[in-house]
Amino acid sequence: MFHAFKSSLESGKTNDYTADELLAHLVDAEWDDRNNRRVERQILYARFRYKAMVENIHYHADRSIDRNQIMRLAECSFIGRNENLLITGSTGIGKSYVASAIGHQACILGYRVMYASTPKLFAKLKMAKADGSYIKEITKIERQQLLILDDFGIQPFDAQSRAALMEIIEDRHGKTSLIITSQLPVSKWHEVIGEKTIADAILDRIVHDAHRVELKGESMRRKRKTELENSYE
């Protein structure tokens, strides 16, 4: 409010305001500043892999991305309904970017978001078991309204990671949302999780009524590298 008032004084705009208009202007400036700082904190806390924005997603025909579907997902109403989003496709196709872009939008809309590389998250939880901080880490995950598990299925789950995954999914089921990205089609997730009974329970909670985005086409990383090399020729 102070900076808005000082700026108005220096620009002479205070002469154009009535007292109540000036007060409304200062209150709006304070609200905008607090909201912007809150969003910045949310984005910083989420620790996204990419600084991604929905408006920067490329909708090339060969990628098989439905713009209307992405824009509906970017409204984040699926989070309000405690639904999940599964994004699959080959390596480098842009799964993490799309997930981060939707997560970024969720932060702007006021949702608590956490991004995590799946292998790194479960390695961290193993360490937490050893040093006694496991409950603290699980509680932090549980508080998030949207959890993004990136690179799901790169490594098979061992017994300890499988149990941790089951606990996370059980805690969140019907109360919060997940975005999961994977190089593997959903049909292959069962064997990656392992232990048929637990895998059935986990997938029943993850997959049932989940939104799905399947990316296709050439690797975006390879494509950008080729374009960069061609620009120097």
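Coordinates for the structure precede this section.
Please read all numbers here as calculations on a predicted model, not as lab measurements. (Residues numbered from 1 in each chain as written. Predicted model: local features only at pLDDT ≥ 70, side-chain atom pairs only at ≥ 80, totals over all residues. Heavy atoms only, no water.)

*Asks:* Could you give an account of the nonpolar core, with specific residues and numbers?
*Replies:* Of all hydrophobic cores here, the largest spans 31 residues; its most connected members are Leu125 and Ile206. Going through the elements one at a time, β2 (113–117), α6 (118–131), α7 (134–143), β3 (146–150), α8 (159–172), β4 (177–182), α9 (189–193) and α10 (196–207) are the ones with two or more residues in this core. Those residues in contact with Ile206, other than ones at most four positions away along the chain, are Asn84, Leu86, Ile169, Leu178, Ile180 and Trp189. Counting residues in each nonpolar core, the second largest holds 30 residues, with Ile70, Val98, Cys107 and Ile179 among its members. (Core = buried A, V, L, I, M, F, W, Y, C linked by side-chain atoms within 4.5 Å. Buried < 20%, exposed > 50% of the residue type's maximum accessible area, 1.4 Å probe, protein only. Helix = DSSP H or I, 4+ residues; strand = E, 2+ residues; numbered from the N terminus. Contact = heavy atoms within 4.5 Å.)

*Asks:* Tell me about the pairing of strand β1 (residues 85–88), and please be specific about residues and values.
*Replies:* Here β1 shows two buried faces, one formed by Leu85 and Ile87 and the other by Leu86 and Thr88. When β1 meets β4, the two strands line up parallel, connected through four bridges. Bridge pairing links Leu85 to Ile179 in β4. Taken together, the four bridges between β1 and strand β5 (residues 211–214) define a ladder with parallel strand orientation. Each residue of the ladder has a partner; that of Thr88, found in β5, is Glu214. (Pairing = 2+ DSSP bridges.)

*Asks:* Describe the packing of α6 against α7, listing the residues and the values that go with them.
*Replies:* Think of two packed helices as two axes; the pair is described by the angle between the axes and how far apart they sit. Where α6 contacts α7, the axes come no closer than 7 Å and their chain directions differ by 145°. Taken together, the residues of α7 that come into contact with α6 (itself represented by Leu121, Lys124, Leu125, Ala128 and Lys129) are Tyr134, Glu137, Ile138, Lys140 and Ile141. Considered class by class, the residues forming the contact of α6 with α7 number six nonpolar, no polar and four charged. (Axes fitted to C-alpha atoms, helices over the stretch in contact; angles between N-to-C directions. Nonpolar A, V, L, I, M, F, W, Y, C, P; charged D, E, K, R; others polar.)

All we've got here are geometric facts, nothing functional implied.
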